[in-house]
Amino acid sequence: MKDLHKSHKLANVLYDIRGPVLDEARRMEDEGHRILKLNIGNPKPFGFDAPDEIITDVIRNLPQGEGYSDSKGLYSARKAVMQYYQQRGVKNVDIDDIYLGNGVSELIQLTCMGLLNNGDEVLVPAPDYPLWTGAVTLSGGRAVHYLCDEEADWFPDLDDIRAKITERTKAIVLINPNNPTGAVYSKDLLLDIVEIARQNDLVILADEIYDKILYDEAEHHCLAALSQDVLTLTFNGLSKSYRLAGFRSGWLMVSGPKYPARDFIEGLNMLTNMRLCANVPAQHAIQTALGGYQSINDLVLPGGRMREQRDLCYEMINAIPGLSCVKPKGALYMFVKMDKQRFGLHDDEQAVLDLLRQEKILLVHGRGFNWPDVDHFRLVFLPPKDMLADALERMGRFFSHYRQE
Ligand code: PLP
């Protein structure tokens, strides 16, 4: 057989969270090394169990999950999603505006495929959750990165956004609470974004998968509730707040002026039909999750595990000479700055690889999140405190003598 190459469509698509550094970690594990993985936001392996109530309901409904469902998803689950957003102040949303998917990941890809023509531009944050850039690129679009400002609690730089809008700009992605920075945006900032979208006829793509993972009394404002005249697609799901990443269950809500968007919506419906439906047993989790006791609060309030782990990491990172980070107000991550001069940095992926080889700790380098410089990495603060303290001590040791030249 002659050599088989990947399609040209993949030429510029990157997804480094599960990329080459992880391959090296796997190789080391095969050699017998124990690697501490601070690289993926997957709560379950670190002892964050899903609420029992949800699991019980899914088991009870398993026999009903044998057949396909409606392509958009089960009525009861979509109704629960609709009511969730109505309660959060979203107007004019009905059951037909809700689509269930195999995780937010699938819905992001369907949306980009349905929305973008070749060369259409989408404003994507830098740093971003890289699936957004990948999905835009794979759909023939161009991800144009707008900067989030570390000096301003990682809020988006509105001037940079305005300066990057062209005639081809079709949409803007907002990730709030943010992966990888942990920023939670104020209502004023979100209203400014809505105004920019309004003035430039942009679709808002609001990724709100961490909307319940909030610290220090941070408040989450649902973007879709802030306007009725801007088409807003809201993405959310069970992976994080309900610790059910393995169920692959998420949803998309279309809100705002749907009549002018009817052709796009028709395309979205067709793409949804083409993948038949989302995993049905996991759809049965949605109604219970949204309606029941929100146990995530026990983890993020003072004394809660996630919050304590965040505090520990924040303190220990900032105590390491040459490292610093902004305190996350939400989500599961810190986007840590490395002092470029002190470490002689010219390759962040190399720094992460060196740390992996020397101290057996796995992180993701900043450029994996489309950050334009080589001076950041992302850390996931899901492991228990003793493991995190050990990892951060080892990182302190590593960075005390690290120099790239
Ligand atoms: N969006 C963001 C910002 C994420 O961080 C993730 C996963 O880490 C996803 C979407 C994908 O979520 P899902 O598990 O629902 O596919």
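Values in this document were obtained by computation on a predicted structure and should not be read as measured data. (Residues numbered from 1 in each chain as written. Predicted model: local features only at pLDDT ≥ 70, side-chain atom pairs only at ≥ 80, totals over all residues.)

1. Describing the site of the ligand
Formally: Note on definitions: a residue is near a molecule or strand provided its C-beta atom, placed from the backbone, lies within 6 Å of it. Here the nonpolar group is Ala, Val, Leu, Ile, Met, Phe, Trp, Tyr, Cys and Pro; Asp, Glu, Lys and Arg are the charged ones; every other residue, Gly included, is treated as polar.
Neighbouring the ligand are 13 residues; G103, V104, S105, Y129 and S239 lie closest to it. Counted by class, the shell around the ligand contains 5 nonpolar, 7 polar and 1 charged residues.

2. Observations regarding the domain arrangement of the protein chain
The extent of an interface is frequently quoted as the accessible surface area lost upon association of the parts. Quick note on the threshold: Where each domain starts and ends comes from a domain assignment, either automatic or drawn from a database. Remark: residues whose backbone-derived C-beta atoms lie within 7 Å of one another are considered to be in contact. Helix and strand assignments follow DSSP, with helices taken as H or I runs no shorter than four residues and strands as E runs no shorter than two, numbered in order from the N terminus.
Here the domain parsing of the protein chain yields domain 1 (8-49 + 298-401) and domain 2 (52-291). Here the C-alpha centroids of domain 1 and domain 2 sit 26 Å apart. Facing 34 residues of domain 1, the contacting portion of domain 2 comprises 31 residues. Among the secondary structure elements, those contributing two or more residues to the side of domain 1 that touches domain 2 are α11 (305-318) and β11 (333-338). Considering only residue class, the side of domain 1 that touches domain 2 consists of 18 nonpolar, 7 polar and 9 charged.

3. A look at the sheet that holds strand β8 (residues 232-237)
To be explicit about the condition: At least two bridges found by DSSP between two strands are what make those strands a pair.
If you walk across this open sheet you meet the 8 strands as β2-β9-β8-β7-β6-β3-β4-β5, and the pairing is mixed. With one partner strand each, in any of the chains shown, β2 (98-101) and β5 (155-156) form the two edges of the open sheet. Pairing between strand β6 (residues 169-175) and strand β7 (residues 203-207): 5 bridges, direction parallel. Residue pairing across strands places I172 opposite I204, the latter belonging to β7.

4. A short note on the confidence of the model for the protein chain
Note the following rule: Think of pLDDT as the predictor's per-residue confidence, scored from 0 to 100.
Summary statistics for the protein chain give a mean pLDDT of 95 and a share of 100% for residues scoring 70 or more. Confidence estimates for the predicted assembly give a pTM of 0.96 and an ipTM of 0.99.

5. Digging into the UniProt feature "domain: Aminotransferase class I/classII large" (unreviewed entry) in the protein chain
To keep things clear, this is the line we draw: UniProt positions are given in the numbering used here, feature names are shortened, and annotations may be inferred rather than shown by experiment.
Under the present numbering, the feature "domain: Aminotransferase class I/classII large" (unreviewed entry) in UniProt falls on residues 35-393. As annotated, residues 35-393 comprises 37% helix and 18% strand, and the C-alpha atoms at either end are separated by 15 Å.

6. Some words on the packing of α11 against helix α14 (residues 385-401)
To keep things clear, this is the line we draw: Lines fitted to the C-alpha atoms define the axes, with helices restricted to the stretch that makes contact. Angles between their N-to-C directions range from 0 to 180 degrees. For this classification, under 35 degrees means roughly parallel, over 145 means roughly antiparallel, 65 to 115 means roughly perpendicular, and everything else is oblique. Crossing handedness is read from the near helix: turned anticlockwise from the far helix by less than a right angle, it gives a left-handed crossing, and turned clockwise, a right-handed one.
Between α11 and α14, the shortest axis-to-axis distance is 10 Å and the interhelical angle comes to 15°. Classified by the angle between their axes, α11 and α14 sit roughly parallel to one another. In this structure, α11 meets α14 at a crossing whose hand is right-handed. Mapping the contact onto sequence places E308, Q309, L312, C313, M316 and I317 in α11 and K385, L388, A389 and L392 in α14. Per-class residue counts for the contact of α11 with α14 are 7 nonpolar, 1 polar and 2 charged.

7. Quick look at helix α4 (residues 103-115)
Keep this limit in mind: Any helix carries an expected span of 1.5 Å times its number of residues minus one. The burial criterion counts other C-beta atoms lying within 10 Å of a residue's C-beta, which is placed from the backbone; the residue is buried at 20 or more, exposed at 12 or fewer, and partly exposed between these limits.
The terminal C-alpha atoms of α4 lie 19 Å apart, and with 13 residues this matches the ideal 18 Å at 1.5 Å per residue to within 8%. Three or more residues of α4 are buried, namely G103, V104, E106, L107, I108, Q109, L110, T111, C112 and L115.

8. A look at α11
Rules: This arc describes the spread of directions from the helix axis toward the C-beta atoms.
With 14 residues, α11 should reach 20 Å at 1.5 Å per residue; the first-to-last C-alpha distance of 20 Å fits that figure. Where α11 is concerned, the buried positions are M306, Q309, R310, C313 and I317. Here the buried residues of α11 occupy an arc of 100° about the axis, which is enough to place them on one side.

9. Details of unusual backbone geometry
In the segment running from A126 into P127, the intervening peptide bond is cis, with an omega of 0°. Relative to the assigned elements, P127 resides in the loop between β3 (121-126) and α5 (131-138). With an omega dihedral of 15°, the bond running from N179 to P180 counts as a cis peptide bond. Its location among the elements puts P180 in the loop between β6 and α7 (187-200). At D201, a position not held by glycine, the phi torsion is positive, near 55°.

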